[in-house]
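In case you want the letters, here they are:
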Amino acid sequence: MLPQAGPRKGLNSRPIIKQDEITRYLCQGKDFIPEADINGLLENAKNPDKKTFKKILAKAFSIETLNPQEVASLIKTDEPSRWDEMADVASRIKKKVYDNRIVTFAPLYLGNLCVNDCQYCGFRHSNEAITREVLSVSEVKKEVTSLVGEIGHKRLIVVYGEHPKTDIDYITKTISAIYSVKVSTKNGMSNIRRINVNAAPMSIADLTKLKEAGIGTYQVFQETYHRPTYSKVHPSGTVKSDYLWRLYSLHRAFEAGIDDVGIGALFGLYDWRFEVMGLLYHALELEKTFGIGPHTISFPRVEPAINTPFNEKLKYRVSDDDFKKILILIRLAVPYTGMILTARENAGIRNEALNYGITQIDASSRIGVGSYQSREDIHAKKKEQFILGDKRSLEEVIFDLAEKGFITSFCTAGYRCGRTGKNIMELLKTGTEGKFCKLNAILTFREWLDDFAKEETKALGEKLINKEIREVKRKMPGMYKAFQENYLKIEKGARDLLF
Ligand code: SAM
Ligand code: SF4
């Protein structure tokens, strides 16, 4: 049976949805996803002529957000050679904005209780095959001790179901517990320096508490921008069934002072072309209203989950070929944004996606609640939201990246040095952030190599670092001296020095 939540209340009877925190953002009673216009654009857009095609690519390469007509016409592009050209520009945009670094992080699931009943999710309330659990503060600290002490992560995305037991007070308490863990390593110290949060939409009052907890990015995925599909997969009577409460969750975040937000769509629920347009309209709306677009975009594909037959018979399942098109389109459409590709995808797809502009990937991921400290059942299906596609360790991922010439970055400097919101947008658009990225990538990679790498990885990593340092000397002579000083300090055991 569904919880007695009712559309306007949570299980603890505390009103969750505040209508005035939706309506204040509507424009003449309308939201910013014009379904009929999107359908019209997708129907009527044409494969662009050569001149228009080149113009659109040049606009993307100048790090300007594309407009809906432009993206619809790219979607309609049908010649393989044009997709190759688009992929090439996507990869060059990534290099221009973010250099050759790939940021790495780990997901940390703190609870799998949920009042909602999303048909695709293993955590849905009606799924009796799931073993329910919420970690205590001391269990959270044990999870983090494994993450920072054994694996070497510095950045997390913490994930919560929607439930009174994992409400904002639990969220802020666990965030502060995570930041408090510091572990001595072979040559220095390791700790979590940036916590991004993926949690249900909240009120402005709760988001203000979240901001005060000191988070990095606040992510909410709309799942599907297509309203009829949204209603089908989120049963009425659940909090999540309110499309607009979710659609405006990041507007409320901005109002609460969180100026670093991540959007996403769950691909496979509806036609991917519509979802790409939805993500674009969302980015444009945030740019227009707050002057700041999404810091990251995520594009999970629906994965199998225990006792979840819905995921076996998806009408709109996205093929690998279409998935690559999605990545390329997003890279071109919102050129400044970070793009996250999680371990939902297998290693083959993730490796290939590096060529289309991905900026962040997770590694050594375990998504069962309490599974990092577990010694046996590390991928316990009964505790997981879905089944992981890429189970490579962080060390394996780092090795694969280094072989391809990508430097793994554990950088968490951005928000701690005030590079968020409008600041970061400007730095990204002008290619300046890429410079900080490079310096911080080298320093944090050096830390990880000294503290956690096996000999073979260390040798490969050092070759890459030496090449990067030569580049810093050549391309950033003004910063070289300060960089070198920090680098030497890190070699001697200092940690967490930022640019
Ligand atoms: N409960 C919060 C919410 O719904 O906003 C936190 C999000 S949930 C734990 C993280 C994301 O996982 C969801 O927003 C959804 O996009 C994704 N997800 C859920 N079920 C999935 C599945 N079977 N395969 C892949 N991704 C899934
Ligand atoms: Fe709950 Fe989020 Fe899963 Fe929906 S997607 S059932 S809200 S955890």
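Check the entry above for the structure.
Residues numbered from 1 in each chain as written. Chains lettered and ligands numbered in written order. Predicted model: local features only at pLDDT ≥ 70, side-chain atom pairs only at ≥ 80, totals over all residues. Heavy atoms only, no water.

J.: How would you sum up the site of ligand 2? Please name residues and give values.
T.: As a matter of local geometry, ligand 2 sits amid Cys114, Asn116, Cys118, Cys121, Phe123, Arg124, Gly161, Lys240 and Gln385. Most atoms of ligand 2, that is more than half of them, are within 2 Å of grid points of the largest cavity. (Near = heavy atom within 4 Å. 1 Å grid on protein atoms, 1.4 Å probe; cavity = no way out; pocket = protein on both sides within 12 Å on 5 of 7 lines; lining within 4 Å. Sits in = over half its atoms within 2 Å of the grid points.)

J.: Break down the packing of aromatic side chains for me, with residues and values.
T.: Under the definition given, this model contains 13 aromatic pairs. Here Phe32 and Tyr248 contribute two aromatic rings whose centre-to-centre distance is 5.4 Å and whose plane-to-plane angle is 85 degrees, an arrangement assigned as edge-to-face. Of this pair, Phe32 sits in the loop between α1 (20–23) and α2 (35–44) while Tyr248 sits in the loop between α10 (243–247) and α11 (249–255), placing them 216 residues apart in sequence. Residues Phe32 and Tyr248 agree in their burial class; the two are buried. Grouping aromatic residues by their ring pairs yields a cluster made of Tyr25, Phe32 and Tyr248. Positioned above the aromatic ring of Phe410, the side-chain terminus of Lys154 is 5.8 Å from the ring centre. Arg252 extends its terminal NZ or CZ atom over the ring of Trp245, reaching a point 3.5 Å from the ring centre. (Phe/Tyr/Trp six-rings, centres within 6.5 Å; stacked < 30°, edge-to-face > 60°. Helix = DSSP H or I, 4+ residues; strand = E, 2+ residues; numbered from the N terminus. Buried < 20%, exposed > 50% of the residue type's maximum accessible area, 1.4 Å probe, protein only. Lys NZ or Arg CZ within 6 Å of the ring centre and 35° of its normal.)

J.: Residue-level account of the side chain of Ser73, with values.
T.: Among the structural elements, Ser73 can be located in helix α4 (residues 68–75). The buried category is assigned to Ser73, whose relative accessible area is 9%. At a separation of 2.8 Å, a polar atom in the side chain of Ser73 contacts the main-chain carbonyl oxygen of Glu70. Setting aside residues up to four positions removed in sequence, Ser73 forms contacts with Ala45, Lys46, Asn47, Pro48 and Ile56. (Polar contact = N/O pair within 3.5 Å; in protein donor to acceptor, adjacent residues only side chain to side chain. Contact = heavy atoms within 4.5 Å.)

J.: Describe the site of ligand 1, and please don't skip the residues or the numbers.
T.: What surrounds ligand 1 is a group of 20 residues, the closest being Tyr120, Glu223, Lys240, Arg246 and Glu303. With respect to ligand 1, the backbone of Tyr160 contributes an N or O atom lying 3.2 Å from a nitrogen atom. Arg246 is positioned such that a nitrogen or oxygen atom in its side chain is 2.7 Å from an oxygen atom of ligand 1. Across the complex, the protein chains shield 97% of the 570 Å² of accessible surface that ligand 1 would expose by itself. In this structure, ligand 1 is accommodated by the largest cavity. The residue makeup of the shell around ligand 1, split by class, is ten nonpolar, four polar and six charged. (Areas by Shrake-Rupley, 256 points an atom, 1.4 Å probe, with all protein chains shown as cover. Nonpolar A, V, L, I, M, F, W, Y, C, P; charged D, E, K, R; others polar.)

J.: Which residues make up the pattern of salt bridges, and what values go with them?
T.: Overall, the coordinates contain 33 salt bridges when judged by the stated rule. The shortest N-O distance in the salt bridge between Glu447 and Arg193 comes to 2.9 Å. Here Glu447, found in helix α18 (residues 433–452), pairs with Arg193, found in the loop between β4 (189–191) and β5 (194–198); they are 254 residues apart in sequence, far enough to count as distant. Each member of the pair, Glu447 together with Arg193, is buried. Across the pair Arg392 and Asp400 runs a salt bridge, and its minimum N-O distance is 2.7 Å. Looking at Asp400, the relative accessible area reads 21%, which means it is partly exposed. Salt bridges linked by common partners bring Lys95, Asp99, Lys438, Lys467, Glu468, Glu471 and Lys475 together as one network. (Salt bridge = Lys/Arg side-chain N within 4 Å of Asp/Glu carboxyl O.)

None of this, on its own, says anything about what the molecule does.
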